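Residues per chain, in single letters:
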Amino acid sequence: MVSSPARESALLSVEGVVKRFPGVTALGGVDFDVRAGEVHCLLGQNGAGKSTLIKVLAGAHRPDEGVIRWRGEVVEFGNPTSAMRSGVAAIYQELDLVAGLSVSDNVFLGHELSTAGFSRRAEARRQTRALLDRLGHRDISPDRDVGRLSVAHQQIVSMARALSLDGQLLIMDEPSAVLDPDEVRVLFGIIRELTAQGVAVIYISHRLAEIREIGDRVTVLKDGRTVATGLPAREVKTSELIALMTGRVLDNVYPRRSPVDPAAPEVLVVRGLADGDRFAGVDLTVRAGEVVGLAGLVGSGRSEILETIYGARKAAEGTVEVDGKALRRGSVGAAVRAGMGLCPEERKSQGLLLDQAVYRNITVSSMSAFAKFGFLDDRAERARSTKLTESLDVRPAGVDRLVRGLSGGNQQKVVLARWLLRECRVLLLDEPTRGVDVGARSEIYELIRRLADSGVAVVVVSSDVEEVLGLADRVLVVREGRVVHDGPADEIDESRVLDLVMEGQPA
Amino acid sequence: MSEDTALSAQKSAPVAKKESSVSALLGSAAGRNTGLVVALVLLCLGGVITAGDRFADVDNLLTILRLAAVIGVVSIGMTFVITGGGIDLSVGAIVALSSVWATTLATQGIANDTHWIVMVFTALLVGGACGLVNGALIAYGRVVAFIATLASLAAARGLAEIISNRKTQIVNVPGFAAFFDASVLGVPVLVVIFALVAAGGWVLLNRTTFGRRTFAVGGNPEAARLAGIDVRRHTVMLYSLLGLCCGLAAVMLIARTTTGSATHGGLYELDAIAAVVIGGTLLSGGRGTIAGTVFGVLIFTTLSNVFTLNNLSISAQAVAKGAIIVIAVLLQQRLARRSGA
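All values reported here derive from a predicted model rather than from experimental measurement.

1. What to know about the overall build of chain A
Step number 1: Within chain A, the regular secondary structure consists of 17 helices and 24 strands.
Step number 2: Relative to its length of 507 residues, chain A is compact, with a C-alpha radius of gyration of 24 Å against a globular reference of 23 Å.
Step number 3: Taken over the C-alpha atoms alone, chain A extends approximately 70 × 50 × 45 Å along its principal axes.
Step number 4: Residues classed as buried in chain A amount to 51% of the 507 residues present.
Step number 5: The long-range fraction of contacts in chain A, counting pairs at least 24 apart against all pairs at least 6 apart in sequence, stands at 68%.

2. Brief notes about helix α8 (residues 238–246) of chain A
All names here are of chain A.
Step number 1: Regarding α8, the residues found buried are L241, I242 and M245. Buried positions in α8, seen along its axis, are confined to an arc of 95 degrees and lie on one side of it.
Step number 2: Where α8 is buried, its residues touch β3 (39–43), α7 (208–214), β11 (217–222) and α15 (438–453).

3. Here we look at the sheet that holds strand β22 (residues 457–462) of chain A
Residue and element names in this part refer to chain A.
Step number 1: On the basis of which strands lie adjacent, the open sheet formed by 6 strands has the order β18-β21-β22-β15-β23-β24 and mixed pairing. Looking at the sheet topology across the chains shown, the edges are occupied by β18 (340–343) and β24 (482–488). Within this sheet the neighbouring strands show an average axis-to-axis angle of 15 degrees, counted without direction.
Step number 2: Both strand β23 (residues 474–479) and β24 contribute to a ladder of 6 bridges, which runs antiparallel. By the bridge assignment for β24, R479 is matched with R482.
Step number 3: Set on the sheet, helix α14 (residues 408–422) makes contact with β18 and β21 (426–430); between it and β18 the angle comes to about 180 degrees.

4. Notes on the pairing of strand β15 (residues 291–296) of chain A
Residues and elements named next belong to chain A.
Step number 1: For β15, the buried fraction is high: 6 of the 6 residues fall into the buried class.
Step number 2: Residues V291, G293 and A295 point to one face of β15 and V292, L294 and G296 to the other, with burial holding for every one of them.
Step number 3: Pairing of β15 with β22 involves 5 bridges; the strand directions are parallel. Counted as the bridge partner of V292 is V459 from β22.
Step number 4: In this sheet, β23 lies alongside β15 in parallel orientation, the contact comprising 5 bridges. Across the sheet, residue L294 finds its bridge partner in β23, namely L476.

5. Details of the sheet that holds strand β9 (residues 169–173) of chain A
Residue and element names in this part refer to chain A.
Step number 1: Taken in spatial order, the 6 strands make up an open sheet running β6-β9-β10-β3-β11-β12, and their pairing is mixed. Of all the strands in the sheet, the pair left with one neighbour each is β6 (88–91) and β12 (225–232). Neighbour-to-neighbour, the strand axes of this sheet turn through a mean angle of 15 degrees, independent of strand direction.
Step number 2: Taken together, the 4 bridges between β3 and β11 define a ladder with parallel strand orientation. From the neighbouring strand, C41 faces β11, where its bridge partner is V218.
Step number 3: Across the face of the sheet, helix α1 (residues 50–57) comes into contact with β3, β6, β9, β10 (200–204) and β11 while running at roughly 155 degrees to β9.

6. Some details on the packing of helix α3 (residues 58–83) of chain B against helix α9 (residues 189–207) of chain B
All names here are of chain B.
Step number 1: Their axes nearest at 8 Å, the elements α3 and α9 cross at an angle of 20 degrees. Viewed along their axes, α3 and α9 adopt a mutual orientation that is roughly parallel. Considering how the two elements wind past one another, α3 and α9 form a crossing that is left-handed. The residues of α9 that touch α3, namely those facing L65, R66, A68, A69, G72, V73, I76, T79 and F80, are L190, V191, I193, F194, V197, A198, G201 and L205.
Step number 2: Grouping the amino acids of the contact of α3 with α9 by side-chain chemistry returns 13 nonpolar, 3 polar and 1 charged.

7. Digging into α15 of chain A
All names here are of chain A.
Step number 1: The first and last C-alpha atoms of α15 sit 23 Å apart over 16 residues, in line with the 22 Å expected at 1.5 Å per residue.
Step number 2: Turning to α15, its buried residues are V438, A440, R441, I444, Y445, L447, I448, L451 and A452.
Step number 3: Of the residues flanking the end of α15, it is G455, one or two places downstream, whose phi is positive at about 105 degrees.

8. Focus: the environment of V178 of chain A
Residue and element names in this part refer to chain A.
Step number 1: Along the chain, V178 falls in the loop between β9 and α6 (181–196).
Step number 2: For V178, a count of 21 C-beta atoms within 10 Å puts it in the buried group.
Step number 3: Sequence separation between V178 and V298 is 120 residues; the distance between their C-alpha atoms is 8.0 Å.

9. Quick notes on the environment of P188 of chain B
All names here are of chain B.
Step number 1: On the secondary structure map, P188 appears in strand β3 (residues 187–188).
Step number 2: P188 sits in the buried class, given 20 other C-beta atoms within 10 Å.
Step number 3: Along the sequence, P188 and L62 sit 126 residues apart, while their C-alpha atoms lie 7.6 Å from each other.
Step number 4: In this structure P188 touches L62, R66 and S183, once residues within four positions along its chain are discounted.

10. Section: the nonpolar core
Step number 1: Within the largest apolar cluster, 94 residues are counted, with the highest numbers of intra-cluster contacts made by L428, I448, V458, V460 and V475 of chain A.
Step number 2: Taken domain by domain, the makeup of this core includes at least three residues from each of domain 3 (264–339 + 424–507) and domain 4 (355–423) of chain A.
Step number 3: Beyond its immediate stretch of four places on either side in the chain, L428 of chain A contacts L306, I309, Y310, M340, G341, L342 and V459 of chain A.
Step number 4: One finds L65, I76, F176 and A262 of chain B within the second-largest nonpolar core, a separate group that totals 90 residues.

11. Examining the confidence of the model for chain B
Residue and element names in this part refer to chain B.
Step number 1: Per-residue pLDDT for chain B has a mean of 86; in total, 87% of the residues score no lower than 70.
Step number 2: Across residues 1–28 the pLDDT falls below 50, and counting only partners more than four positions away or on other chains, this stretch makes 38 contacts in the model.
Step number 3: Across the interface, the model reports ipTM at 0.80; the global pTM reads 0.75.

12. So, the pairing of β21 of chain A
Residue and element names in this part refer to chain A.
Step number 1: Buried residues dominate β21, accounting for 5 of its 5 residues.
Step number 2: Alternating residues of β21 divide into V426, L428 and D430 and L427 and L429, and every residue in both groups is buried.
Step number 3: As paired strands, β18 and β21 are joined by 4 bridges and run parallel to one another. Across the sheet, M340 pairs through a bridge with V426, a residue of β21.
Step number 4: Judged from the 5 bridges that link them, β21 and β22 form a sheet pairing that is parallel. Directly across from L429, in β22, lies its bridge partner V460.
Step number 5: In this fold, β21 hands off to α15, which returns the chain to β22; that crossover is right-handed.

The rules we used
- Residues numbered from 1 in each chain as written.
- Chains lettered and ligands numbered in written order.
- Predicted model: local features only at pLDDT ≥ 70, side-chain atom pairs only at ≥ 80, totals over all residues.
- Helix = DSSP H or I, 4+ residues; strand = E, 2+ residues; numbered from the N terminus.
- Rg over C-alpha atoms; globule rule 2.2 N^0.38 Å.
- Buried ≥ 20, exposed ≤ 12 C-beta atoms within 10 Å, placed from the backbone.
- Contact = placed C-beta atoms within 7 Å.
- Arc of directions from axis to C-beta.
- Pairing = 2+ DSSP bridges.
- Axes fitted to C-alpha atoms, helices over the stretch in contact; angles between N-to-C directions.
- Parallel < 35°, antiparallel > 145°, perpendicular 65-115°, else oblique.
- Left-handed = near helix turned anticlockwise from the far one by under 90°.
- Nonpolar A, V, L, I, M, F, W, Y, C, P; charged D, E, K, R; others polar.
- Expected span 1.5 Å × (residues − 1).
- Core = buried A, V, L, I, M, F, W, Y, C linked by C-beta atoms within 7 Å.
- Domains from an automatic or database assignment.
- pLDDT = per-residue confidence, 0-100.
- Right-handed = clockwise from strand over helix to strand, strands pointing away.

Here you go:
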């Protein structure tokens, strides 16, 4: 792989970078270059080495081999501070903010404004407000505790932090994963403004549509190596990119819908659900074999609706019935016993026991099936879990592995396996493919569809409108805690959904 | 609608490499305990070298075990609470309260009419009830465990002083003494009780749904809740179990000292937490080992014994204890980092 001929115009060039960890080679030879004023997209599946590469560029890891040039000169960023000083700022996927500190303290963390050792708090607040203004978020107060902000707002703070460093190269690791369509639009506006000023951006995303919209050139990583670099972002074919990333050709990521039998029993019936705060008057019926999608902005109440149906939040009004039986309000145990399962939005913090074995994560909701008088049959647990993980193709194999070591897609499969094992009647999925790469994503879609075909009632919440439309049989649009649309998925298109989602909101 | 039919079309995956990962797991667990065994052996060697036959004497070794038994029972209970993500600072006070409640009963003449077993049940009941209150405060009252049990520490010891009128109550119940002073095949009953509690604790933690839930609740309470586990009820059960252990420890302490006193169980909270932590149980929850706790208790008790035999002061013992805790935790962190990489 040869880097572009215009080396002298390259702001950053990476040549033959290798990074090894004990037992694994995370990067096995990466080459690419970034020019001033361009948006360079990095594509690759989970585990392709993107995160390691970012850490190398931001000075958090030292490469074992290879050369990094900054404005044509060989540099070694020994630590994040030296990278920052050169003008490289990274916004990580796992946000690196300190909860408990205010927004402005976080923005200036590590490069606090001070005079003779005294911090200039008022000045920091003023500058933070200006940065947030620039990002279109006057609504975030510089004095708020970062821990109390939504994930999307934390992302904005992270971005303000990167801007405050006056970076010449911004690295953004999946910034859109937690943002709404209109926030993504604002983000793109900022990116365009920055690149017009000559700032370069390395942009990482799983969403090809975004890469087409904002990207200039694309570099594809696979298994820690560059497999293609400098591809024109707008012209290159989707099938070509997917083939490069996965090494195989995928024609259609969404599985074929099978028609829902109109006489199929109504498994999940929700009537007049309200939590007295975020949403009210929610009616929802899901038949056996049906996939219902909930579309809406972050903060529209869609996740809260899902959690209230599941009993993880207490409903103030309304009923939830499974197979005709009403559930006790605010009781997850009752919901699980009635045959409900939830794959929560925050997989790591809400869904998994990260430091425990795969099989224990799978059997945690069905322990009584493996117990006699309270004594567990480990062997049976392992055997059933092994069968499930094999059929779901969880990699690497081995049910005694700790879940922490698995990639996002494989972790999601473990959560799904938990509910497969229970043979649940209703499956609630909140952002089922967040942080999941393209290859595993289509496997998860397949799995959801197959579950529905076997008679499960499925509800999917996603920020990705395309995903909701591609996956669901019926789509509900939620805006400000109300269901504003309910209809078949093939009678509505993406732009109409976006209209509904944002109607009445300032642009 | 089983996963078999639902997923029959899935391609077959490579067979799980179960052997290697299992052996790796066993290796790390054994590795942790090896360190503790080595520490204990070194201590014993030290005892033999400095105190000779006075240390390596059957009676002395039985004394060590008898001393270890009481704090050992508390530490087993503490292992559950800490593995479940909690902490209990009130164990010493609960031991004191249970002991005086039971001995007050015994010294008020009721003992003449009723069987001594009533005294045992009283202590267990009082201990269990204290644990229940702790658990309910923490789980349903949402009081931080540290604060809730700190309050119980003060209140339970105060109550013990009121009940006993700050006097040491001497127990003279013949059946009671006869039962607990006896030996089974040369092993004192107290030691047998400790062994049974440890074995029962191991089975409960590692082989039952209760134990598995404890790991889940301690590892990630939110994920456990969303997986359908009743986290609050489980938390109450964990503290109640520890309370019961404290009640049992009180009975054993009454048997060993023939007294009930509001000063019993002083600093048991620190000794128990120290034994649990140097045993390898994670203070943040989600990982716990009964075997490690047993070794932790034995290490501390042997240390005191060796120091006492050499006429070293209690203060010197305290310094050595502190040093051991720090060394053990530093070693554990290093091991964890190596196995984690």
